[in-house]
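Below are the chains, spelled out letter by letter.
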Amino acid sequence: MEQTKSDQAYAPGMLLGTFITFEGCEGAGKTTQATLLRDYLLEKGKEVLLVREPGGTPVGELIRDILLNSEDVDIAPITEALLFAADRAQLVRDIVRPALQKGVTVIGDRYVDSSLAYQGVGRGCGLEPVKNLNDWATGSLEPHLTVFLDMSVKDSLARAKPGGLDRIEKEDLEFHENVRYAYSMLQRIFSYRYVVVDANGSPEAVHARVVSEVEKIIM
Ligand code: TYD
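The model shown is predicted, which means the values in this text are computed figures rather than measured ones. (Residues numbered from 1 in each chain as written. Predicted model: local features only at pLDDT ≥ 70, side-chain atom pairs only at ≥ 80, totals over all residues. Heavy atoms only, no water.)

S.K.: In this structure, what is going on with the nonpolar core? I would like to understand it.
M.R.: A general feature of soluble globular proteins is that nonpolar side chains tend to end up buried together. Among the nonpolar cores identified, the biggest contains 35 residues, and Val96 and Tyr183 are the most heavily contacted of them. Within the residue set of this core, elements represented by two or more residues are helix H2 (58-69), helix H3 (77-101), helix H4 (112-122), helix H5 (127-138) and helix H7 (173-189). A total of nine residues in this core trace back to one element, the largest contributor, which is H3. Leave out the neighbours within four places in its chain, and Tyr183 touches Glu23, Gly24, Cys25, Arg110, Asp113, Ser114, Ala117, Tyr118, Phe148 and Tyr194. Listed in part, the 19 residues of the second largest apolar core include Ala28, Leu41, Ile107 and Ala199. (Core = buried A, V, L, I, M, F, W, Y, C linked by side-chain atoms within 4.5 Å. Buried < 20%, exposed > 50% of the residue type's maximum accessible area, 1.4 Å probe, protein only. Helix = DSSP H or I, 4+ residues; strand = E, 2+ residues; numbered from the N terminus. Contact = heavy atoms within 4.5 Å.)

S.K.: So what exactly am I meant to see when it comes to the site of the ligand here?
M.R.: Taken together, 17 residues form the shell around the ligand, and within it Glu26, Arg88, Arg110, Ser115 and Gln119 come nearest. Interatomic distance of 2.7 Å between a side-chain N/O atom of Arg110 and an oxygen atom of the ligand. Within the contact set of the ligand, an oxygen atom lies 2.6 Å away from a side-chain nitrogen or oxygen of Ser115. For the ligand, whose free accessible area comes to 550 Å², the fraction covered by protein is 93%. (Near = heavy atom within 4 Å. Polar contact = N/O pair within 3.5 Å; in protein donor to acceptor, adjacent residues only side chain to side chain. Areas by Shrake-Rupley, 256 points an atom, 1.4 Å probe, with all protein chains shown as cover.)

S.K.: Help me understand the sheet that holds strand E5 (residues 194-198), please; the structure alone is not making it clear to me.
M.R.: Backbone hydrogen bonds are what pair the strands of a sheet, in a parallel or an antiparallel way. Taken in spatial order, the five strands make up an open sheet running E2-E3-E1-E4-E5, and their pairing is parallel. A strand with exactly one partner marks an edge of an open sheet, and here the two such strands are strand E2 (48-52) and E5. On average, each strand axis in the sheet is tilted by 20 degrees relative to the strand beside it, whichever way the strands run. When strand E1 (residues 19-24) meets strand E4 (residues 145-150), the two strands line up parallel, connected through five bridges. Note that in E4 the partner of Thr21 across the bridge is Thr146. (Pairing = 2+ DSSP bridges. Axes fitted to C-alpha atoms, helices over the stretch in contact; angles between N-to-C directions.)

S.K.: Sorry, what's going on with the environment of Glu171 here?
M.R.: If you trace the backbone, Glu171 turns up in the loop between helix H6 (153-159) and H7. By relative accessible area, which is 29% here, Glu171 ends up partly exposed. For the pair formed by Glu171 and Arg193, sequence separation is 22 residues and the distance between their alpha carbons is 29 Å. Excluding anything up to four places from it in sequence, Glu171 contacts Arg123 and His176. Within polar-contact distance, the side chain of Glu171 engages the side chain of Arg123 at 3.0 Å.

Now the structure itself:
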């Protein structure tokens, strides 16, 4: 059967690069830490790419707008899971997989585990269907290392962008407690790739903890 461009999410091609993802609750500092790690690895002479979810491709940015800014639109949990997966399918096919094939280190500011935690558990879609959906969307591309930035929900929500909270950040405390509980399950299920880093303290202090974990696998 002839392979088309749309099949490339599944193309097995050798992945030479390392794929590192950051996960955690709102305000735990994922974006700050992902950026600090990128800069650190660039300084070490590595080729590095930082990608963010949702978004990161032209269609992904459109999907992001639906997901985060549709205040008065009712979005069913399954629709939400499908939209996050659609965004991810495009990002993996167009950006993440080609970079890994070239040997680039890819840093993901959130990835599949966010969907497992937020849609699978937070929204009640179930871990298994969301995992299956994302395996299809990504061709089962899994990170080599997932850094979980650990902080209490109360502290992390207090730190989340004080200005504008998006549609999902605005959910109540119970929702976010469920998300955090889901992450503790994911840490056990995927213990072979998870490291838990204390996210309390200055960005520099947390960065030093992140680096010591990352150096174990890529230096
Ligand atoms: P966030 O990391 O806060 O993005 P940014 O800092 O760029 O605004 O993510 C946006 C929201 O999307 C956040 O509340 C978590 C949620 N989310 C999911 O519910 N499922 C997912 O699969 C992803 C990637 C994010």
